[in-house]
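# Coordinate inspection notes
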Amino acid sequence: AQTVTQSQPEMSVQEAETVTLSCTYDTSESDYYLFWYKQPPSRQMILVIRQEAYKQQNATENRFSVNFQKAAKSFSLKISDSQLGDAAMYFCKAGNMLTFGGGTRLMVKP
Amino acid sequence: DVKVTQSSRYLVKRTGEKVFLECVQDMDHENMFWYRQDPGLGLRLIYFSYDVKMKEKGDIPEGYSVSREKKERFSLILESASTNQTSMYLCASSLESEQYFGPGTRLTVT
């Protein structure tokens, strides 16, 4: 069975600091995408960043970057210079799996 | 921009009522999905559809059915609502593996 695991139900970070959210997955697909989604409180889920599994270079979107370790099937999200608006639930998803990780609630302390 | 809309943001229904949750997307996406989101359980897939009049069961289809008569519209039906179906319901659509989400419907069954 294909699974996605987020081992940190909650994380906390001080404003302006860096935080890393972890995600591991298990898939038999050979070519796939990985995604991190953000769901702010009472707001719509949006895509934060996407990584193509066949690319060795880690994706970066402004303050958001990933650390993709294909052999380890690990896909972590790093948020640099954390802002109050980063407080949200974060979900990861791998490839064509329709399963999301259980989510990580990120709190940002002013 | 892709837009996924859901018919209601908040809904209160009584036990035993038949409930319809509607989802419409405007980007001609083939694939549509219904998830429910509960604290501590993440997103769980209820049903999905890869084409008009086609449906597939997800991880938790019991107590639900779906309808996809037109490509842009995917309806979730609770035949006889029960209190354990109180939840946040998220609709999503996709062309490939990246999903676009609606704002969600918070359903309360009393």
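Higher on the page you've got the structure.
Bear in mind that the values here come from a model prediction, so they are computed numbers and not experimental data.

Thresholds applied
Residues numbered from 1 in each chain as written. Chains lettered and ligands numbered in written order. Predicted model: local features only at pLDDT ≥ 70, side-chain atom pairs only at ≥ 80, totals over all residues. Heavy atoms only, no water. Helix = DSSP H or I, 4+ residues; strand = E, 2+ residues; numbered from the N terminus. Rg over C-alpha atoms; globule rule 2.2 N^0.38 Å. Buried < 20%, exposed > 50% of the residue type's maximum accessible area, 1.4 Å probe, protein only. Contact = heavy atoms within 4.5 Å. Pairing = 2+ DSSP bridges. Core = buried A, V, L, I, M, F, W, Y, C linked by side-chain atoms within 4.5 Å. Axes fitted to C-alpha atoms, helices over the stretch in contact; angles between N-to-C directions. Salt bridge = Lys/Arg side-chain N within 4 Å of Asp/Glu carboxyl O.

## Things to note about the overall build of chain B
Counting its secondary structure elements, chain B contains 0 helices and 11 strands. Listing every helix and strand of chain B by position from the N terminus yields β-β-β-β-β-β-β-β-β-β-β. A globule of 110 residues ought to have a C-alpha radius of gyration of about 13 Å, and chain B, at 13 Å, matches this closely. Overall, the C-alpha framework of chain B stretches about 35 × 25 × 25 Å when taken along its three principal axes. Relative to its full complement of 110 residues, chain B shows a buried share of 51%. Long-range contacts, defined as pairs at least 24 residues apart, comprise 55% of the intrachain contacts of chain B with a sequence gap of at least 6.

## So, the pairing of strand β8 (residues 64-69) of chain A
All names here are of chain A. Bridging between strand β7 (residues 60-61) and β8 involves 2 bridges; their strand directions are antiparallel. The residue bridging E61 from the neighbouring strand is F64, located in β8. Taking the residues that link successive antiparallel strands as the turn, the β7-β8 hairpin has 2 residues, and the phi of N62 there is positive, at about 55 degrees. Adjacent in sequence and paired antiparallel, β8 and strand β9 (residues 74-79) are bridged by 4 residues, among which K73 carries a positive phi angle near 50 degrees.

## Brief notes about the nonpolar core
Generally speaking, nonpolar side chains in soluble globular proteins are found buried as a group. Residue and element names in this part refer to chain A. One finds Y25, L34, W36, L77, Y90 and L106 to be the most contacted residues of the largest nonpolar core, which totals 26 residues. Contributions of two or more residues to this core are made by β2 (10-14), β3 (19-21), β5 (33-39), β6 (46-52), β8, β9, β10 (88-94) and β11 (104-109). With 4 residues, the top contributor of residues to this core is β10.

## Quick notes on the pairing of β6 of chain A
Residue and element names in this part refer to chain A. Pairing analysis gives 6 bridges linking β5 to β6, with the strands arranged antiparallel. Paired with W36 across the two strands is I49, which belongs to β6. Two successive antiparallel strands, β5 and β6, enclose a turn made up of 6 residues, where S42 displays a positive phi of approximately 60 degrees.

## Let's talk about the sheet that holds strand β7 (residues 64-70) of chain B
All names here are of chain B. With respect to topology, 4 strands assemble into an open sheet ordered β1-β3-β8-β7, the strand pairing being antiparallel. Each end of this open sheet is capped by a strand with a single partner; those strands are β1 (4-6) and β7. Within the sheet, the average angular offset between the axes of one strand and its neighbour, ignoring direction, is 20 degrees. When β7 meets strand β8 (residues 73-78), the two strands line up antiparallel, connected through 5 bridges. When the bridges of β8 are listed, V66 appears paired with L76.

## Section: the pattern of salt bridges
Per the counting criterion, the structure on display carries 11 salt bridges over all chains. With its nearest N and O atoms 3.1 Å apart, the salt bridge here joins E52 of chain A to K55 of chain A. Judged by relative accessible area, E52 of chain A falls into the buried class, the value being 16%. Where K71 of chain B meets D28 of chain B, a salt bridge forms, and the shortest distance between an N and an O atom there is 3.1 Å. Here D28 of chain B lies in the loop between β3 (19-25) and β4 (31-38) and K71 of chain B lies in the loop between β7 and β8, a separation of 43 residues in the sequence. Note on K71 of chain B: relative accessible area 21%, which makes it partly exposed. Look at D28 of chain B and you get exposed, because its relative accessible area is 52%. Overlapping salt bridges bring together D28, E30 and K71 of chain B as one network.

Shape is all these values report; function is a separate question.
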